[in-house]
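# Structure at a glance
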Amino acid sequence: MTGSRVVALGHYQPARVLTNEDLAAMVDTSDEWITSRVGIRTRHVGGPDEPVDELAAHAAAKALASAGLLPDEIDMVLVATSTAIDRSPSMSARVAARLGMGSPAVMDINVVCSGFTHALATADHAIRAGAAERVLVIGADKMGDVADWTDRSTCVLVGDGAGAAVVVADPDGGDRPGIGPVLWGSVPQMGNAVRIEGTPPRFAQEGQSVYRWATTQLPPIARRVCEKAGVTPEELAGVVLHQANLRIIEPVAKRIGAVNAVVARDVVDSGNTSAASVPMALSKLVERGEIHTGAPVLLFAFGGNLSYAGQVIRCP
């Protein structure tokens, strides 16, 4: 059976950087308070003239250039986002238009923070089913647009950005797939733990509930992802979890048992960028050469709904 693999990555963030000191001038907080609780020091925030599809298109263009592909060679575009204000045109259609694509299938996927790993699995399934050969998968969010900048418990968390991956068919990937089987699911009873709702929409969450769930329930689920991929946690070269909170990322990576893996900590510099966090963090690790081509990397994201999804991929 034809499998799929990620052949290139790209990421993009707005130029404006908001530091903890900047936030301390806006709300009752401090650098010490923020870093001790979530580990974030800076985040990038886009302006009103930088819509979500622009961030996504920049990241996508970099991924396409890295893959050596032209926009017309892509036959499907998937954009994971929860901060698209308009219902139509979709972010995927707008990205396709910005990049001058031909006639790709276009689809937005809204699973909030776990959107990219859901979209990556969807791309893999489409390729395996013969419905696509080259798929552009993007995670892009402007959390700054939905943040309550008067609420110190949430505004300190968020940032804006986009990450993209080019996924292609791999006829030789049946026995050693470049994208392993997905493990996904949700906890419907905790659906209100992370919310973007109202008019205008605003981000809110039950932070302690999410923290307890992630630190206790996520490690065994992530180990099952490794089992489905046929690798042990010790064999992982990289672990890229949703960049929500450093106090979640570090203990969870340890409890997974990924003792030899590079653990992504992009949350320190970028904050929580929702669906952009996993592809952006992975792209930066690869760009810095911290993970070798072909090495197994665990991707796992969780968040709104409370939904989760993860897979092991081979590093491009």
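Residues numbered from 1 in each chain as written. Predicted model: local features only at pLDDT ≥ 70, side-chain atom pairs only at ≥ 80, totals over all residues. Heavy atoms only, no water.

## Quick word on the packing of helix H3 (residues 52-67) against helix H4 (residues 91-98)
- Running from N to C, H3 and H4 point in directions that differ by 55°, and their axes come no closer than 9 Å. The angle between H3 and H4 falls in the class oblique. When the axes of H3 and H4 are compared, the crossing they make is right-handed. Contacts between H3 and H4 pair Val52, Asp53, Glu54, Ala56 and Ala57 from the former with Met91, Arg94, Val95 and Arg98 from the latter. (Axes fitted to C-alpha atoms, helices over the stretch in contact; angles between N-to-C directions. Helix = DSSP H or I, 4+ residues; strand = E, 2+ residues; numbered from the N terminus. Parallel < 35°, antiparallel > 145°, perpendicular 65-115°, else oblique. Left-handed = near helix turned anticlockwise from the far one by under 90°. Contact = heavy atoms within 4.5 Å.)

## Comments concerning helix H8 (residues 246-256)
- Within the sequence span of H8, burial applies to Leu246, Ile248, Ile249, Val252, Ala253 and Ile256. Considered in projection along H8, the buried side chains sweep an arc of 155° and stay on one side of the axis.
- Its side-chain oxygen at 2.7 Å from the backbone nitrogen of Arg247, Asn245 defines the N-terminal cap of H8.
- Just downstream of H8, Gly257 is the residue with a positive phi angle, here 95°. (Buried < 20%, exposed > 50% of the residue type's maximum accessible area, 1.4 Å probe, protein only. Arc of directions from axis to C-beta. Polar contact = N/O pair within 3.5 Å; in protein donor to acceptor, adjacent residues only side chain to side chain.)

## Let's talk about the sheet that holds strand E7 (residues 160-170)
- One open sheet holds the 5 strands; their spatial order is E1-E7-E6-E4-E5, and the pairing between them is mixed. Looking along the sheet, the strands with just one partner apiece sit at the ends: strand E1 (3-12) and strand E5 (105-109). The average undirected angle you get between the axes of adjacent strands in this sheet is 20°.
- In this sheet, E5 lies alongside strand E4 (residues 76-80) in parallel orientation, the contact comprising 5 bridges. Each residue of the ladder has a partner; that of Met76, found in E5, is Ala105.
- Lying over the sheet, helix H5 (residues 115-128) contacts E1, E4, E5, strand E6 (134-142) and E7, oriented at roughly 165° with respect to E6.
- Lying over the sheet, helix H10 (residues 277-287) contacts E1, E6 and E7, oriented at roughly 90° with respect to E1. (Pairing = 2+ DSSP bridges.)

## Overview of the nonpolar core
- By size, the foremost hydrophobic cluster in this structure holds 50 residues, and its most contacted members are Trp213, Leu218, Leu236, Val239, Leu298, Phe300 and Phe302.
- Counting residues per element, the ones that place at least two in this core are helix H2 (31-37), helix H7 (207-229), strand E11 (238-241), H8, helix H9 (267-270), strand E13 (296-303) and strand E14 (307-314).
- The dominant element in this core, judged by the number of residues it contributes, is H7, at 8 residues.
- Within the second largest apolar cluster, 33 residues are counted, among which are Leu120, Ala126, Val137 and Cys315. (Core = buried A, V, L, I, M, F, W, Y, C linked by side-chain atoms within 4.5 Å.)

## Details of the packing of aromatic side chains
- What the rule picks out here adds up to 3 aromatic pairs.
- Note on Phe300 and Tyr308: the rings are 6.2 Å apart at their centroids and 10° apart in plane angle, and the pair reads as stacked. Judged on exposure class, the residue Phe300 and its partner Tyr308 are both buried.
- The ring of Tyr211 has Arg247 sitting right over it, with the charged end atom 5.1 Å from the ring centre. (Phe/Tyr/Trp six-rings, centres within 6.5 Å; stacked < 30°, edge-to-face > 60°. Lys NZ or Arg CZ within 6 Å of the ring centre and 35° of its normal.)

## Some words on the state of the cysteines
- What the rule picks out here adds up to 0 disulfides.
- Between Cys113, a free cysteine, and Cys155, which holds the nearest cysteine sulfur, the sulfur-to-sulfur gap is 16 Å.
- Free cysteine: Cys226, not disulfide-bonded; nearest cysteine sulfur from Cys315 at 16 Å.
- When its relative accessible area of 1% is taken as the criterion, Cys226 is described as buried. (Disulfide = S-S within 2.5 Å.)

## A few points about the pattern of salt bridges
- In this structure the tally under the stated criterion is 10 salt bridges.
- Ionic pairing is found between Lys142 and Asp145, a salt bridge with its closest N-O pair at 3.5 Å.
- Note on Lys142: relative accessible area 2%, which makes it buried.
- A residue is classified by how much of its surface remains accessible, and Asp145, at 39% relative accessible area, is partly exposed.
- Glu250 is the salt-bridge partner of Arg265, the closest N and O atoms lying 2.9 Å from each other. One end of the pair, Arg265, is in the loop between strand E12 (262-263) and H9; the other, Glu250, is in helix H8, with 15 residues separating them in the sequence.
- For Arg265, a relative accessible area of 40% gives the class partly exposed.
- Connected through salt bridges with shared partners, the residues Arg195, Glu197 and Glu206 form a single ionic network. (Salt bridge = Lys/Arg side-chain N within 4 Å of Asp/Glu carboxyl O.)

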